[in-house]
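Working through the structure, step by step
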Amino acid sequence: QVQLVESGGGSVQPGGSLRLSCIASGFIFSNYMMTWYRQAPGKEREFVAGITSVGENTNYADTVKGRFTIYRDNAKNTVYLEMNSQKPEDTAVYYCRVIYGSRAHWGQGTQVTVSS
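To start, this report covers the structure provided alongside it. (Residues numbered from 1 in each chain as written. Predicted model: local features only at pLDDT ≥ 70, side-chain atom pairs only at ≥ 80, totals over all residues. Heavy atoms only, no water.)

Secondary structure summary: the protein chain contains zero helices and eleven strands in total. For the protein chain, the succession of helices and strands along the chain, N to C, is β-β-β-β-β-β-β-β-β-β-β. The C-alpha radius of gyration of the protein chain comes to 13 Å, within 12% of the 13 Å expected for a compact globule of 116 residues. Reported as C-alpha extents along the three principal axes, the dimensions of the protein chain are approximately 40 × 25 × 20 Å. Within the span of the protein chain, comprising 116 residues, buried residues form 42% of the whole. The long-range fraction of contacts in the protein chain, counting pairs at least 24 apart against all pairs at least 6 apart in sequence, stands at 52%. A total of about 6100 Å² of accessible surface is found on the protein chain, and carbon and sulfur atoms cover 46% of it. When the 11 positive and 9 negative side-chain charges of the protein chain are each reduced to one mean point, those points stand 2 Å apart. (Helix = DSSP H or I, 4+ residues; strand = E, 2+ residues; numbered from the N terminus. Rg over C-alpha atoms; globule rule 2.2 N^0.38 Å. Buried < 20%, exposed > 50% of the residue type's maximum accessible area, 1.4 Å probe, protein only. Contact = heavy atoms within 4.5 Å. Areas by Shrake-Rupley, 256 points an atom, 1.4 Å probe, with all protein chains shown as cover. Lys, Arg positive; Asp, Glu negative; His and termini not counted. Charge placed at Lys NZ, Arg CZ, Asp CG, Glu CD.)

Rendered as structure tokens:
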């Protein structure tokens, strides 16, 4: 079955950096677009970044453009989210997602807290 396992979250001061990882299994990773979402307390889950199957195209939410970078290593079945110049409003649980078998599959999420 499809499994997505995120890691790399933690606490960071404003202006700091973190790199999130999502290891995938249960499907042919290199055939699928991968995306990162986040959900802040009291808010709906929102799109953060996406990357096509072999990494040729990426797209970002306006709120993270220029600060976050999504990339993938298909040999390791892993997608990453490099987060720089972080702001308190980046505080959220971050999830990776894949659409497989006509439905969305999510990981368990990893908490990111940006605070001084």
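Resuming the write-up.
Leu4, Trp36, Leu81 and Tyr94 are the most contacted members of the largest nonpolar core, which totals 29 residues. If you list the elements that add at least two residues to this core, you get strand E3 (18–25), strand E4 (34–39), strand E5 (46–51), strand E7 (68–73), strand E8 (78–83), strand E9 (92–100) and strand E11 (110–114). (Core = buried A, V, L, I, M, F, W, Y, C linked by side-chain atoms within 4.5 Å.)

Applying the stated criterion across every chain, the model contains eight aromatic pairs. Here Phe27 and Tyr100 contribute two aromatic rings whose centre-to-centre distance is 5.8 Å and whose plane-to-plane angle is 40°, an arrangement assigned as tilted. Residue Phe27 is located in the loop between E3 and E4, and its partner Tyr100 is located in strand E9; the two are separated by 73 residues in the primary sequence. A relative accessible area of 31% means that Tyr100 is categorised as partly exposed. Three or more aromatic residues joined by ring pairs make a cluster, and in this case those are Phe27, Phe29, Tyr32 and Tyr100. Lying over the aromatic face of Tyr95, Arg45 brings its terminal NZ or CZ to 3.8 Å of the ring centre. The side chain of Arg45 reaches across the aromatic face of Trp106, ending 4.5 Å from its centre. (Phe/Tyr/Trp six-rings, centres within 6.5 Å; stacked < 30°, edge-to-face > 60°. Lys NZ or Arg CZ within 6 Å of the ring centre and 35° of its normal.)

Right, let's talk about unusual backbone geometry for a bit. The residue Asn77 is not glycine, and still its phi comes out positive at about 50°. Structurally, Asn77 can be placed in the loop between E7 and E8. Residue class for Asn77 comes out partly exposed when judged on its relative accessible area of 27%. We note that Ser102 has phi near 70°; this positive angle belongs to a residue other than glycine. Owing to a relative accessible area of 77%, Ser102 belongs among the exposed residues under this scheme.

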